[in-house]
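Chain by chain, the residues:
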Amino acid sequence: MNTDSIQDQLESLTISPINVKLKRLPRLTDYLPGLQTHTNPLQHSNFYHHSDNDGFYITHSDVILRQIVFDFSGHFPSSTPHLAYHNAGPRKEILFDPKQVRAAIVTCGGLCPGLNTVIRELVVGLWELYGVREIFGIKAGYRGFYSSDPIPLDPKLVHNWHKRGGTVLETSRGGFDLKKIVDAIETRGYNQVYIIGGDGTLRGAVQIFNEIQHRKLNVAVTGIPKTVDNDVGIIDRSFGFQTAVEMAQQAISAAHVEAESSPNGIGLVKLMGRNTGHITLDATLSSCDVDCCLIPETDFYLEGKGGLLEFLDLRLKENGHAVIVVAEGAGQDIIPRIGSQKQERDESGNLGFLDIGAWLNSELKKWWERDHKGELFTVKYIDPTYMIRAVTANATDNLYCTLLAHSAIHGIMAGYTGFVTGPINGNYAYIPMDEVAHAKSPVNTKDHKWAWLRSVTAQPDFQRT
Ligand SMILES: Nc1ncnc2c1ncn2[C@@H]1O[C@H](COP(=O)(O)OP(=O)(O)OP(=O)(O)O)[C@@H](O)[C@H]1O
Ligand SMILES: O=P(O)(O)OC[C@H]1O[C@](O)(CO)[C@@H](O)[C@@H]1O
Ligand SMILES: [Mg+2]
């Protein structure tokens, strides 16, 4: 169909009913049917002016479609159901009496810019929007539920936490003991549990939620997805990611300056990205200084036709310098393991990596010595690791963290449980927690963005012919 006829068709298009499948969210009333409802205290707030039909309150029938881009040339609406999620936001009727709420907040896994903002906004939101007065911080990750006393939190205490990197509550890996955690939740009398963490944390949170359901406890659990690597699926992106990309730019700029200031200079930067290369990819695209971007989602090799060394040889001849950015999880298969060298695991069971940056640094030097002995050459290797995540969130991420925290509060107050809050197509949604815990988000090397990257760097595709 040509462009004009599609335009004509769109002007008069009637969309027949769309086949939508709404993702059901667990609610406390699923297993505690007798719970009383309460009017949302925002109804009496001086700051939120609203009438019944001004759209302020979100109803159970307000949904967000997962897919918003369609092919109008005959395939829409299709018989395949379109997935929809509940819209996040305040409900007029809630399932908690704010005076009876005892909320617990925990941060688990690695650091990410914005963690303290989420904590701060959970505290301030619970306190100011709903009048909750019993809010507790759990120290140092999951183990803190059963191994230390909680920290009472209030708006005064947390008022400037968003200006600090890291997590004031502290975090850790490992220490997940389901029975001890749920026992502690029961004994301490928490009835709202806010769990901030990545894929591992969310898998743990699903188990906590299942056990709470099994024990029929009046306790709602929500997850707030945190991953500096941006490797959690379904949601548009994770908080702190943009800040990390911005920080990564500084390392790339420095590598570029170093490289172009030396004859045959190579700047080599290693960035975080355990299983995904999102940070590396976005930092490359926004810097425009990178000659080659290496990520875990695509293999590469050094020697021979179409390899990295041949490419660098050409770039150095053309430009006199080159910049390589590599994600920490890239190239793990091409680094030789020494003897019985085992891949170590951290306390959560995540595989440790061989150091791709240090290995490349040494291989580049060996290559030059072998093939270009006597010619000037330098590699400047920059490994900013923790510098890109141990910072405060930028303004965009701070705002994002605030909306996430408030959305999580509204959802839990409405009696939803076992859910995660996150943006889908720019709107905040409630998503079943087990779905997010298992959804990955790799870089798609078949899409336009990767093709754009290849066109910007003109790097090889590393497909051996
Ligand atoms: N499958 C699982 N079941 C229960 N608990 C888990 C599981 N995987 C990880 N955990 C627990 O979740 C917490 C955080 O896990 P992990 O260290 O993998 O970080 P994460 O949440 O994935 O964040 P990130 O990888 O972004 O730093 C740890 O306390 C760990 O013991
Ligand atoms: O050294 P730590 O704290 O275990 O964290 C390192 C890992 O955490 C992350 O930042 C997030 O998973 C990864 O990119 C990185 O591999
Ligand atoms: Mg993880």
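Numbering of residues starts from 1 in every chain and runs along the sequence as written. Here chains are named by letter from A upward and ligands by number from 1 upward, in the order in which they appear as written. For this predicted model, a pLDDT threshold of at least 70 governs which residues receive local features, and a threshold of 80 or more governs which side-chain atom pairs are given and counted, while totals over whole chains, interfaces and linings are taken from all residues. Side-chain calculation: all heavy atoms of the structure are included, whereas hydrogens and water are not.

An unreviewed UniProt entry lists the protein chain under the name ATP-dependent 6-phosphofructokinase, with Tagetes erecta given as the organism. Note on the protein chain: under the UniProt heading Subunit (unreviewed entry), the record states "Homotetramer." For the protein chain, the Pathway (unreviewed entry) comment in UniProt is given as "Carbohydrate degradation; glycolysis; D-glyceraldehyde 3-phosphate and glycerone phosphate from D-glucose: step 3/4." UniProt positions are given in the numbering used here, feature names are shortened, and annotations may be inferred rather than shown by experiment.

(A) Region of interest: the overall build of the protein chain. Only DSSP runs of H or I covering at least 4 residues are called helices, and only runs of E covering at least 2 are called strands; the numbering of each starts at the N terminus. Along its length, the protein chain carries 13 helices and 16 strands. Relative to the globule expectation of 23 Å for 465 residues, the C-alpha radius of gyration of the protein chain, 25 Å, shows essentially globular dimensions. Across its three principal directions, the C-alpha atoms of the protein chain cover 80 × 65 × 40 Å. Burial status follows relative accessibility: with a 1.4 Å probe on protein chains alone, a residue under 20% of its type maximum counts as buried, one over 50% as exposed, and anything between as partly exposed. Per-residue burial for the protein chain yields a buried fraction of 52% across its 465 residues. Values of accessible area rely on a 1.4 Å probe in the Shrake-Rupley scheme; residue burial ignores everything except the protein chains shown. Summing over all exposed atoms, the protein chain offers an accessible surface of approximately 21400 Å²; the carbon and sulfur share of this is 50%. A residue counts as positive if it is Lys or Arg and as negative if it is Asp or Glu; His and the chain ends are not included. Every charge is mapped onto a representative atom, which is NZ of Lys, CZ of Arg, CG of Asp or CD of Glu. Side chains of the protein chain give 44 positive and 52 negative charges; the mean places of these two sets differ by 7 Å. For the radius of gyration, the atom set is restricted to C-alpha positions; the globular benchmark scales as 2.2 Å times the number of residues to the power 0.38.

(B) Highlighting the packing of aromatic side chains. For Phe, Tyr and Trp, rings pair up if their centres lie within 6.5 Å, where Trp contributes its six-membered ring, and each pair is then called stacked (planes under 30 degrees apart), edge-to-face (over 60) or tilted (otherwise). Counted under the stated rule, the structure contains twelve aromatic pairs. A ring pair is formed by Tyr142 and Phe176, whose centres lie 5.0 Å apart and whose planes are at 75°; its orientation type is edge-to-face. Of this pair, Tyr142 sits in the loop between strand 7 (134–137) and helix 3 (144–147) while Phe176 is found in the loop between helix 4 (155–158) and helix 5 (178–188), placing the two residues 34 residues apart along the sequence. Ring geometry for Phe419 against Tyr430: centres 4.9 Å apart, planes inclined by 70°, an arrangement best described as edge-to-face.

(C) The arrangement of the packing of helix 5 against helix 6 (residues 199–214) in detail. Lines are fitted to the C-alpha atoms to define the axes, a helix being fitted only along its stretch in contact, and any angle between axes, read from their N-to-C directions, falls within 0 to 180 degrees. At a minimum axis separation of 10 Å, helix 5 and helix 6 run at an interaxial angle of 60°. Between helix 5 and helix 6, the crossing angle belongs to the class labelled oblique. Both helix 5 and helix 6 take part in a crossing whose hand is right-handed. In contact with Leu178, Ile181, Val182 and Ile185 of helix 5, helix 6 contributes Gln207, Ile208, Glu211 and Ile212. In this count, Pro and Cys sit with the nonpolar residues alongside Ala, Val, Leu, Ile, Met, Phe, Trp and Tyr, while Asp, Glu, Lys and Arg are called charged and the others, Gly among them, polar. Of the residues that constitute the contact of helix 5 with helix 6, the class distribution is six nonpolar, one polar and one charged. Here the angle decides the label: under 35 degrees means roughly parallel, over 145 means roughly antiparallel, 65 to 115 means roughly perpendicular, and every other value means oblique. Here is the rule for handedness: rotate from the far helix to the near one, and if that takes an anticlockwise turn smaller than a right angle the crossing is left-handed, while a clockwise turn gives right-handed. Every residue pair with non-hydrogen atoms within 4.5 Å of one another is taken to be in contact.

(D) The UniProt feature "binding site: Mg(2+)" (unreviewed entry) in the protein chain, seen in detail. Under the feature "binding site: Mg(2+)" (unreviewed entry), the UniProt entry names Asp199. With respect to the secondary-structure elements, Asp199 resides in helix 6. Looking at Asp199, the relative accessible area reads 28%, which means it is partly exposed. Here Asp199 is in contact with Val232 and Ala437, once residues within four sequence places are set aside.

(E) The arrangement of the site of ligand 1 in detail. We call a residue near a molecule or strand whenever a single non-hydrogen atom of that residue lies within 4 Å of it. Taken together, the neighbourhood of ligand 1 is formed by 18 residues, with Gly110, Gly174, Asp199, Thr201 and Ser348 sitting nearest. Side-chain atoms alone can form a polar contact between residues adjacent in sequence; in general such a contact is a pair of N or O atoms within 3.5 Å, and within protein one must be able to donate a hydrogen while the other accepts it. In the model, an oxygen atom of ligand 1 is placed 2.8 Å from a nitrogen or oxygen of the Arg173 side chain. One nitrogen or oxygen atom from the side chain of Thr201 is found 2.4 Å from an oxygen atom belonging to ligand 1. When isolated, ligand 1 has an accessible area of 620 Å², and the protein chains bury 86% of it. The element that contributes the greatest number of residues to the shell around ligand 1 is helix 6, accounting for six residues. Looking at the shell around ligand 1 residue by residue, the class counts come to two nonpolar, eleven polar and five charged.

(F) Local environment of the side chain of Ser287. Tracing the backbone shows Ser287 in helix 8 (residues 278–287). On the basis of relative accessible area, Ser287 is assigned to the buried category, the value being 13%. Side-chain polar atoms of Ser287 contact the backbone nitrogen of Asp289, separated by 3.0 Å. Look past the residues within four positions of Ser287 in its chain and what remains in contact with it is Gln249 and Ile252.

(G) Representation of the side chain of Lys270 in the model. One can find Lys270 in strand 11 (residues 265–271). The class of Lys270 is buried, set by a relative accessible area of 10%. Polar side-chain contacts of Lys270 include one of 3.5 Å to the side chain of Asp383. When neighbours within four sequence positions are excluded, Lys270 is seen to be in contact with Val326, Glu328, Asp355, Ile356, Gly357, Tyr381, Ile382, Asp383 and Pro384.

(H) Region of the structure containing the nonpolar core. Each nonpolar core is a collection of buried residues, namely Ala, Val, Leu, Ile, Met, Phe, Trp, Tyr and Cys, held together in the definition by side-chain atoms within 4.5 Å. By size, the foremost hydrophobic cluster in this structure holds 102 residues, and its most contacted members are Ile105, Leu122, Phe145 and Phe239. Setting aside anything within four residues of it in sequence, one finds Phe145 in contact with Ala104, Val106, Ile138, Ile181, Ala184, Ile185, Tyr190 and Val193. Grouped together as the second largest cluster of nonpolar side chains are 27 residues, Leu268, Phe300, Ala322 and Val379 included.

(I) Broad picture of the sheet that holds strand 13 (residues 321–327). Ordered in space as 12-13-11-14, the four strands form an open sheet in which the pairing is parallel. Sheet topology places strand 12 (292–294) and strand 14 (378–382) at the edges, where each strand pairs with a single neighbour. Direction aside, neighbouring strands of the sheet carry axes that sit 15° apart on average. DSSP-based pairing: two strands are paired if at least 2 bridges between them are found. Where strand 12 and strand 13 come together, three bridges link them in parallel fashion. Bridge pairing in strand 13 places Cys292 opposite Ile324.

(J) Broad picture of the packing of helix 9 (residues 308–319) against helix 10 (residues 356–371). For the pair helix 9 and helix 10, interaxial distance at closest approach is 12 Å and the crossing angle is 65°. With respect to helix 10, the element helix 9 is oriented roughly perpendicular. The way helix 9 lies across helix 10 gives a crossing that is right-handed. Residue-level contacts link Leu308, Leu309, Leu312, Asp313 and Leu316 of helix 9 to Leu360, Leu364, Trp367, Trp368 and Arg370 of helix 10.

(K) Structural context of the site of ligand 2. Around ligand 2 lies a shell formed by Arg173, Val228, Asp229, Met272, Gly273, Arg274, Glu328, Tyr386 and Arg389. Between Arg173 and ligand 2, the recorded distance is 2.9 Å, taken from a side-chain N or O atom to an oxygen atom. The fraction of the free accessible surface of ligand 2 (400 Å²) that becomes covered by protein chains is 78%. Tallied by class, residues from the shell around ligand 2 come to three nonpolar, one polar and five charged.

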